[in-house]
Amino acid sequence: MRVLIAPDKFAGTLTAVEAAAAIEEGWRRQDPQAEVLVAPMADGGPGFIDVLSAVVDGTLLSVTVRGPLGDDTPATVLLAGEAAYVETAQACGLHLIEPKQRRPEDATTYGVGQLIAAAVEAGAKRIILGLGGSGTNDAGAGLLAALGATATGGRLDAGATGLAELTAVDLEPARERMAGIEFVAASDVENPMLGLRGATNIFGTQKGITDERKPAVDGWLTRFAELAGRKTADQKGAGAAGGLGYALLLLGADRISGIDLVADLTGLKEKASRVDLVLSGEGAFDFQSRDGKVIAGVAKVANDAMRPCVVLAGKVQIGSREMRTMGVESAYSLVDAVGEERAFADPHGSLAAVAERVARTWAR
Ligand SMILES: O=C(O)[C@H](O)CO
């Protein structure tokens, strides 16, 4: 049996590389002769640099930046010739903030701008930024401030709160400083920035923005957009990473799908064509796994190659009809198999145990 293992991270427990290793271990217990190909994935969110540094010939540049709540935060940029890859979640990710410390209205993307500045200083002319998994919701104002943009009536580097009373915004200093730099925003979602399908309403809850606060916060982002460029806020991906997509679009970025980029760079299509079965996975397989996320991207590649795709996930919270629409044949839940306590206490062992069960059904 030839198997391709292409999971996302299991957020909070296993990186994509660790998840792939656990699945391989479990599968081999049942099917020791299997030919296994491994391709850990990312969609632009956490793990983007980890996954790409294994396939892109480059060097890692270490930088200390301002984290979402102002703390010194270590990050790395992957430099490859004139290109630089930036994982924005390293500077503004939700995982950087303890749940009890979350202040989503104050969190800033300033550190992402510092990563861009470091990449440019190191000679990069094309900067590819992975977007997703952010703990911020500041429309990327912090990023613009770090690159020189200014404002009156408020602050660009103080999270969404700083945008509440803005009266004017000047993006020219940032545009001038970034002249000649090509930006690519590789995002995990295509949402616009404002309104019902926007960053605050759809992704605000996971960052700690309550339903009561959402209209006010969305209003602050709208105010910023009215001063900085209203139409851009409606573009695909403007709402990625709490509106960081919007700021990059203002700097002229092209938006692409993060998972498609990672799939291309890791040769996923070619790998899928060489196997009988494709396995993917992530922490929670739910409605958010659909567009632009790893499982949807991997399932599409598998389906195009006419290979079945099976998912292993911490929790499966999606119906079988919806799953099939995405191109997933079947999904197995760690929590259902071993219980929540064990799934969190021993994620590697639990995932390996589920992979062994999957192999019992699917190996031939
Ligand atoms: O970071 C976020 O807000 C989500 O992952 C959507 O991009």
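Keep in mind that this is a model prediction, so the values were computed, not measured. (Residues numbered from 1 in each chain as written. Predicted model: local features only at pLDDT ≥ 70, side-chain atom pairs only at ≥ 80, totals over all residues. Heavy atoms only, no water.)

Quick look at the confidence of the model for the protein now. The pLDDT averaged across the protein works out to 96; a share of 100% of its residues lies at or above 70. Scoring of the predicted complex yields 0.94 for pTM and 0.99 for ipTM. (pLDDT = per-residue confidence, 0-100.)

Read across the open sheet, the six strands follow the order E3-E4-E5-E6-E9-E10; overall the sheet is mixed. The open sheet is flanked by strand E3 (59–66) and strand E10 (254–257), the only strands paired with a single partner. Strand-to-strand, the axes of this sheet are offset by a mean angle of 25°, without reference to chain direction. In this structure, strand E5 (residues 83–87) lies alongside strand E6 (residues 126–131), joined through five bridges in parallel fashion. Across the sheet, the residue bridging to valine 86 is leucine 129, located in E6. Sheet strands in contact with helix H4 (residues 110–121) are E3, strand E4 (72–80), E5, E6 and strand E9 (182–187), and its direction is about 140° off that of E3. Sheet strands touched by helix H10 (residues 258–265): E5, E6, E9 and E10. Its angle to E10, the strand with the most contacts, is close to 70°. (Pairing = 2+ DSSP bridges. Helix = DSSP H or I, 4+ residues; strand = E, 2+ residues; numbered from the N terminus. Axes fitted to C-alpha atoms, helices over the stretch in contact; angles between N-to-C directions. Contact = heavy atoms within 4.5 Å.)

Next up on the list: the pattern of salt bridges. Applying the stated rule across the entire model yields 20 salt bridges. The salt bridge involving lysine 9 is made with aspartate 8; its shortest N-O contact spans 3.4 Å. This pair shows no difference in class: lysine 9 is buried, exactly as aspartate 8 is. Where glutamate 270 meets arginine 274, a salt bridge forms, and the shortest distance between an N and an O atom there is 2.8 Å. What makes arginine 274 partly exposed here is its relative accessible area of 39%. Here the salt bridges share partners, and the residues they tie into one network are Glu25, Arg29, Glu356 and Arg360. (Salt bridge = Lys/Arg side-chain N within 4 Å of Asp/Glu carboxyl O. Buried < 20%, exposed > 50% of the residue type's maximum accessible area, 1.4 Å probe, protein only.)

Our focus in this paragraph is the packing of helix H1 (residues 16–30) against helix H16 (residues 347–362). Where H1 contacts H16, the axes come no closer than 7 Å and their chain directions differ by 45°. Here H1 is positioned oblique relative to H16, judged by the angle of their axes. In the crossing of H1 with H16, the sense of the turn from one axis to the other is right-handed. Of H16, the residues touching H1 (which contributes Glu18, Ala19, Ala21, Ala22, Ile23, Glu25, Gly26, Trp27, Arg29 and Gln30) are His348, Leu351, Ala352, Ala353, Ala355, Glu356, Val358, Ala359, Arg360 and Trp362. Taken together, the residues of the contact of H1 with H16 sort by class into twelve nonpolar, three polar and five charged. (Parallel < 35°, antiparallel > 145°, perpendicular 65-115°, else oblique. Left-handed = near helix turned anticlockwise from the far one by under 90°. Nonpolar A, V, L, I, M, F, W, Y, C, P; charged D, E, K, R; others polar.)

Our next topic: the domain arrangement of the protein. When cut into domains, the protein gives domain 1 (2–39 + 267–363) and domain 2 (48–258). Here the C-alpha centre of domain 2 lies 30 Å away from the C-alpha centre of domain 1. Each partner contributes to the interface: domain 1 provides seven residues, whereas domain 2 provides seven residues. Taken as a group, Gln288, Gly292 and Lys293 account for 61% of the area that domain 1 buries against domain 2, more than any other trio of residues on that side. At the junction of domain 1 and domain 2, the tally comes to one salt bridge. In the side of domain 1 that touches domain 2, the residues fall into two nonpolar, three polar and two charged. (Domains from an automatic or database assignment. Buried area = accessible area lost by both parts, 1.4 Å probe.)

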